[in-house]
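# Structural description and commentary
The lines below spell out each chain.
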Amino acid sequence: PPNLEKSNNMIWPLVKWSYDDKYCARMGPDALAIYDSSDDFQLLDKKLVKIEGIADFEFAPTGVRLSSTKKNDEPEHLLAYFTPELSSNQSAKASVMQIPSKNVIRTVNLIQVNNCKLHWQDQSKLLCVQVDRHTKSKKTVFTNLEIFQITEKGIPVENIELKELVLNFQWEPKGERFVCITDTDVTNDNISIPTNAINFFCPEEANKKSVTDLKHWHLVKKFEKKFCNVISFSPIGRFVIVGSIRKVNGELGFYDFDYDGEKDKDQAKFKFCHANVKSLFNHEYGGLTNIEWESSGRFVACWSSAWKHKAENGYRIYDMVGRLLRNELIDGFREFAWRPRPATLLTGGDKKKIRKNLKEFSAQFEEQDAMEADAEVRDQILAYRKLMDEWYSWREQIHEKLSSLNLTSHQDSKNNEVIEEIKEEILEEKEEIIE
């Protein structure tokens, strides 16, 4: 089979994999090599995919059920790629390809493009193509977001035009909302002046009368003049950290996408957007190098690693809303890792049963919490349990004795003499003198 030519621009990782490891691919000059792992890693159809000028590609992170996919069919493997402008007559393109057929199912033409980045949503229902564009004079750079609605018929594309340059972008896990950091003043080189902004986008809920579920995104909240360059969503969504990882001073900002309080005036006008953004806590963290959420989404660890510098090495643990729970300074501290959680062993029926009987389970947990909180309460609960155990034990003994006696025979009941014994117990005695 043909081989890829050597490329001067080596983009890491060299090999990218599909969600189920069935296919892997690597990029070369004007071509893409796709291999089938189930066929001894043979080149798919024994030939390269010729794509002139291909600059980047990304596999969909999960299998995709397109509008044309039948109910009993397996989910589709999709791949997105980008080609820059090759000449004045050939525009840049962002395309989605189906694997293994290699059919291009959607393409968007782009003009005046500086750079392009591909952002798949974790459920592969949406693809955001971040297009950094320039004006005709090439003095100003700004960003357009092209959002492919993959699972809708015809794969419609929503275009969001921004007047600023997007520095970072992240989808909400298992959601359709996203956060991006933009540079509001690309001409300012003074690093002491904050010029970045945090933008929260939310899709408008689809009209019930509409036949399709086409979405339109709105900027529901914007925080300006911020030092920030990193976005980290909680694994369960809703809460997000937008912070700054710099050599000198680091910052952490905790935000809630679904705040329970009233919406402010800026967000109240977006009545059909399911979002209420609120800034919860802001912390300064000198020497911050890493942010890592725990898999449940309840806690997050932030640390300063000695791999990168020797100042204020250690770690901090916050809860999901930004309250500091632990702060440790450790000389030579290098790495932090949460203990991984295995996949649940509960079936769908077990989960429903737990939700149905949640009050019963919560009462048990509350009793355990009460025992740990107060030693006196603990002793009372243990004494109560002991009495209950003694009662149930005595009751079982009585049942065993009764079952050993043959009291159900009709003839024996005739010969038996029933004796009733009445016991009187004086609870209270009171004397009154009657005149």
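Each value, and the rule that gives it
- Residues numbered from 1 in each chain as written.
- Predicted model: local features only at pLDDT ≥ 70, side-chain atom pairs only at ≥ 80, totals over all residues.
- Heavy atoms only, no water.
- Salt bridge = Lys/Arg side-chain N within 4 Å of Asp/Glu carboxyl O.
- Helix = DSSP H or I, 4+ residues; strand = E, 2+ residues; numbered from the N terminus.
- Buried < 20%, exposed > 50% of the residue type's maximum accessible area, 1.4 Å probe, protein only.
- Pairing = 2+ DSSP bridges.
- 1 Å grid on protein atoms, 1.4 Å probe; cavity = no way out; pocket = protein on both sides within 12 Å on 5 of 7 lines; lining within 4 Å.
- Points joined across faces, edges and corners; volume = space filled by probe spheres on them.
- Nonpolar A, V, L, I, M, F, W, Y, C, P; charged D, E, K, R; others polar.
- pLDDT = per-residue confidence, 0-100.
- Axes fitted to C-alpha atoms, helices over the stretch in contact; angles between N-to-C directions.

### Topic: the pattern of salt bridges
Overall, the coordinates contain 15 salt bridges when judged by the stated rule. A salt bridge links Lys22 to Asp36; its shortest N-O distance comes to 3.8 Å. Of the two residues, Lys22 sits in the loop between β1 (15-17) and β2 (23-28) while Asp36 sits in strand β3 (residues 31-36), which places them 14 residues apart along the sequence. According to the relative accessible area criterion, Lys22 is partly exposed, its value standing at 27%. Between Lys222 and Glu164 there is a salt bridge, with its nearest N and O atoms 2.6 Å apart. On the criterion of sequence distance, the pair formed by Lys222 in strand β17 (residues 217-226) and Glu164 in the loop between β13 (157-161) and β14 (165-171) is long-range, its members being 58 residues apart. Each of Lys16, Asp56 and Glu58 takes part in one network of salt bridges that share partners.

### Describing the pairing of strand β20 (residues 251-256)
With 5 of its 6 residues buried, β20 lies for the most part within the structure. For strand β19 (residues 239-244) and β20, the ladder comprises 6 bridges, and the chain directions are antiparallel. Across the sheet, residue Phe239 finds its bridge partner in β20, namely Asp256. Relative to strand β21 (residues 278-284), β20 runs antiparallel, the two being bridged by 6 bridges. Residue Glu251 lies in a different strand from β21, and its bridge partner there is Glu284.

### Some details on the pairing of strand β12 (residues 141-149)
Buried residues dominate β12, accounting for 8 of its 9 residues. With 9 bridges joining them, strand β11 (residues 126-134) and β12 adopt antiparallel strand pairing. Residue Val131 lies in a different strand from β12, and its bridge partner there is Asn144. Between β11 and β12, which pair antiparallel and follow one another directly, the connecting turn spans 6 residues, one of which, Lys138, has a positive phi of 65°.

### Some words on the layout of surface pockets
Volume-wise, the largest pocket comes out at about 440 Å³. For the largest pocket, the lining is made up of 21 residues, of which Ser7, Asn9, Met27, Gly28 and Pro29 are closest to its centre. Elements that contribute at least two residues to the lining of the largest pocket include exactly β2 and β6 (56-59). Broken down by element, the residue count for the lining of the largest pocket peaks at 3 residues, all from β2. Tallied by class, the residues present in the lining of the largest pocket amount to 11 nonpolar, 4 polar and 6 charged.

### Re the confidence of the model for the chain
Per-residue pLDDT for the chain averages 88, and the proportion of residues at 70 or more is 91%. Mean pLDDT across the secondary structure elements of the chain bottoms out at helix α5 (residues 410-415), with 52, and peaks at strand β18 (residues 230-233), with 97.

### Describing the sheet that holds strand β7 (residues 77-83)
One key point about sheets: their strands pair by backbone hydrogen bonds, in either a parallel or an antiparallel sense. Pairing in this open sheet of 4 strands is antiparallel, and the strands run β6-β7-β8-β9 from one edge to the other. At either end of the open sheet lies a strand with only one pairing partner, and these are β6 and β9 (104-110). Recorded for the sheet is a direction-independent mean angle of 15° between the axes of neighbouring strands. As judged from the 6 bridges shared by strand β8 (residues 92-99) and β9, these two strands associate in the antiparallel manner. When the sheet's bridge partners are listed, Val96 is paired in β9 with Arg106.

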